[in-house]
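Analysis of the macromolecular model
For reference, the chains in residue letters:
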Amino acid sequence: MSEATSDRPQAPIAWPPSWPRVLDARFGAPRPGGYRATPEDFRVEEQLGFEPEGQGEHLWLWIEKRDLTTAMVARRLAKACEVTQRDVGYAGMKDRHAVTRQWFSVHLPGREAPDDLGARLADLPLTLLEATRHPRKLKRGVHAANRFRLRVTGEALEDPHLAERWAWLCHHGAANYFGPQRFGPDGRNLHRAASVLARGWRKRDDREGMLLSAARSYLFNELLAARIAEGSWATPLPGEAVILDGTSSQFVAETVDDSLLERAERLDLHPSGVLWGQGRSVAQGEAQSRELALAEAHPALCDGLVRAGVKTARRPLRLRLAAPRLAPGEGEAWFSFTLPRGAFATAVLRELIAHPTLSYHTPRPGPEQGAADASTAAVQ
């Protein structure tokens, strides 16, 4: 995107934000509910979209972990296999407070894994489910999707509209918000990002790019919130850069005709929003005007991202829930669905239940709110 003029007034970064839910206008606000009281209540399974070849320099391990971060497992694999951390790969970061299954790769050219690899990892709450080989390292973002299975409890189960909420999301999709964990407790990552960008971003200040990601995610959520407020989040505007469902393929819809609207209605394609950075946005017309309004409201963040050199990209405004399933039980309900990589299960949950973490608040643990229940789902 071309630089905004940073001497214009900067809209304050209010935290927590008041980003709207889609279903409130139809069903009212959701009732309070609980999720992830234990890691077993929040299950995630990575879906690669391809099979390892069975031969090559890289050992690929299919691992189930409990109450561990992806980085923790990667470090222990490097130590157990006597390699550097650079030799260990994974496709995405999976949340700690959950039971998750994902692939890891370890570069072991010309040698096998230690015979006692399982014993070397025995003190960790994980299980080695499968081992195979592949010619290449597992790189970030190569997986296709994540399958979620989430247990919900509490007053939300008494909501007479809960099944209708779920059915609506299954049919129409969910708003593709970045989740609360992207911004850190009380929005600290975002506030740090604003400070760093104001003085000029440097790699040494942000080794993993976490602050750049927080700033771009905030701007995207602001744009999505505005499109929800005006009712255009799921409907292409003239000049919209639309993204084909389940792919990164996109094209600009200079005009919006019945055929395009029909494809959007059946979730074949989605309107998109800009992830701010260097390079011109492909959006035109009315869609571009919404992005220019974003630059007017947040010139310092936009200018800072351009100067940092991050490249502009696009993200769908809407998510399709693949293979959705609802399994009610006694005092609980299990929601299962598949989302594309980079999507947040919390974007779906916040339409179904009210919980402080889903409203971007940071709850303080009390007698009825433990730390595990207060956590959120960071899945890529």
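Residues numbered from 1 in each chain as written. Predicted model: local features only at pLDDT ≥ 70, side-chain atom pairs only at ≥ 80, totals over all residues. Heavy atoms only, no water.

1. Looking at the sheet that holds strand S11 (residues 269-270)
A sheet is described by the order of its strands in space; here 3 strands give the open sequence S10-S9-S11, paired in antiparallel fashion. Lying at the two open borders of the sheet, with one neighbouring strand each, are strand S10 (250-253) and S11. Bridge count for strand S9 (residues 240-244) against S10 is 4 bridges, and the pairing is antiparallel. By the bridge assignment, Ile243 is partnered in S10 with Gln250. (Pairing = 2+ DSSP bridges. Helix = DSSP H or I, 4+ residues; strand = E, 2+ residues; numbered from the N terminus.)

2. Some thoughts on the nonpolar core
Core analysis: the largest hydrophobic core is formed by 67 residues, its most contacted members being Phe42, Trp276, Phe337 and Val348. Element by element, the count of residues in this core is highest for helix H6 (residues 210-230), at 10 residues. Counting 21 residues, the second largest nonpolar core, distinct from the first, contains Leu61, Ala78, Val106 and Leu108. (Core = buried A, V, L, I, M, F, W, Y, C linked by side-chain atoms within 4.5 Å. Buried < 20%, exposed > 50% of the residue type's maximum accessible area, 1.4 Å probe, protein only.)

3. Here's the deal with the pairing of S9
Here S9 lies mainly inside the structure; 4 of its 5 residues are buried. The antiparallel pairing of S9 with S10 creates a hairpin that spans 5 residues between the two strands, and Gly246 there sits at a positive phi of about 75 degrees. Direction of pairing for S9 relative to S11: antiparallel, over a ladder of 2 bridges. Each residue of the ladder has a partner; that of Leu244, found in S11, is Leu269.

4. What to know about the environment of Arg192
Structurally, Arg192 can be placed in helix H5 (residues 188-199). Exposure remark for Arg192: the relative accessible area of 43% places this residue in the partly exposed category. Expressed as a C-alpha distance, the spacing of Arg192 and Thr70, which sit 122 residues apart in the sequence, is 24 Å.

5. Structural notes on unusual backbone geometry
The omega angle of the peptide bond from Trp15 to Pro16 is 0 degrees, so this bond is cis rather than trans. Inspection of the secondary structure assignment puts Pro16 in the segment before helix H1 (24-27). One non-glycine residue, Glu82, lies in the positive phi region at around 60 degrees. Residue placement: Glu82 occurs in the loop between helix H2 (70-81) and strand S4 (88-90).

6. Describing the confidence of the model for the chain
For any part of a model where pLDDT is low, the fine detail of the predicted coordinates should not be relied upon. Looking at the chain as a whole, its pLDDT mean stands at 92, while 92% of the residues score no less than 70. Across residues 366-377 the pLDDT falls below 50, and counting only partners more than four positions away or on other chains, this stretch makes 30 contacts in the model. (pLDDT = per-residue confidence, 0-100. Contact = heavy atoms within 4.5 Å.)

7. Side note on helix H9 (residues 299-308)
Of all 10 residues in H9, 8 are buried, a share of seventy percent or more. By the burial criterion, the buried members of H9 are Pro299, Leu301, Cys302, Asp303, Gly304, Leu305, Val306 and Ala308. For H9, the secondary structure elements touched by its buried residues are H5, H6 and helix H8 (285-297). Following H9 by one or two positions, Gly309 has its phi on the positive side, about 90 degrees.

8. Section: the packing of aromatic side chains
As enumerated under the stated definition, the model contains 19 aromatic pairs in all. When the centroid spacing of 5.4 Å and the interplanar angle of 55 degrees are considered together, the rings of Trp15 and Phe183 count as tilted. Of this pair, Trp15 sits in the segment before H1 while Phe183 is found in the loop between strand S8 (174-175) and H5, placing the two residues 168 residues apart along the sequence. Aromatic pair Trp15 and Tyr360: ring centres 6.2 Å apart, planes at 90 degrees, arrangement edge-to-face. In this pair, Trp15 is assigned in the segment before H1 and Tyr360 in the segment after helix H10 (345-349), connecting sequence segments 345 residues apart. Considered together, Trp15 and Tyr360 belong to a single accessibility category, that of buried residues. By way of ring pairs, the aromatic residues Trp15, Trp19, Tyr177, Phe183, Tyr218 and Tyr360 are connected into one cluster. Its end group placed over the ring of Phe42, Arg36 keeps NZ or CZ at 4.4 Å from the ring centre. Sitting over the face of the ring of Phe220, Arg315 holds its NZ or CZ atom 5.5 Å from the ring centroid. (Phe/Tyr/Trp six-rings, centres within 6.5 Å; stacked < 30°, edge-to-face > 60°. Lys NZ or Arg CZ within 6 Å of the ring centre and 35° of its normal.)

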